[in-house]
Amino acid sequence: MPCAGNLALISQSGSIATGMVDWHTARGRFSGIVSSAISSTSDLADLLDYFALDGKTRAILLYV
């Protein structure tokens, strides 16, 4: 598991999320990781709202 940090990852692809975790663990930290098939814009909007209001998150990385 990656250590706590300030970058949130939202991905529709589990493979991309796994690859980013492997790559980023050596270089930095994540505040949160969500990997799911985001089928509607309201789901994506809810996730963006959550991380935008999260005090630990400074940036949000999207793969949609």
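Fair warning: this is a prediction, and the values are worked out from it, not measured in the lab.

### Here we look at the packing of aromatic side chains
Inference 1: Within this structure, the stated rule accounts for one aromatic pair.
Inference 2: Taken together, a centroid distance of 5.1 Å and an interplanar angle of 80 degrees make the contact between Tyr50 and Phe51 edge-to-face.

### As for the sheet that holds strand S1 (residues 4–11)
Inference 1: Read across the open sheet, the three strands follow the order S2-S1-S3; overall the sheet is parallel. Unpaired on one side and paired on the other, strand S2 (30–35) and strand S3 (59–63) mark the two borders of the sheet. On average, each strand axis in the sheet is inclined to that of its neighbour by 20 degrees, with strand direction left out of account.
Inference 2: Bridge analysis of S1 against S2 gives six bridges, and the strand direction is parallel.

Here is what the cut-offs are and how they apply
- Residues numbered from 1 in each chain as written.
- Predicted model: local features only at pLDDT ≥ 70, side-chain atom pairs only at ≥ 80, totals over all residues.
- Heavy atoms only, no water.
- Phe/Tyr/Trp six-rings, centres within 6.5 Å; stacked < 30°, edge-to-face > 60°.
- Pairing = 2+ DSSP bridges.
- Helix = DSSP H or I, 4+ residues; strand = E, 2+ residues; numbered from the N terminus.
- Axes fitted to C-alpha atoms, helices over the stretch in contact; angles between N-to-C directions.

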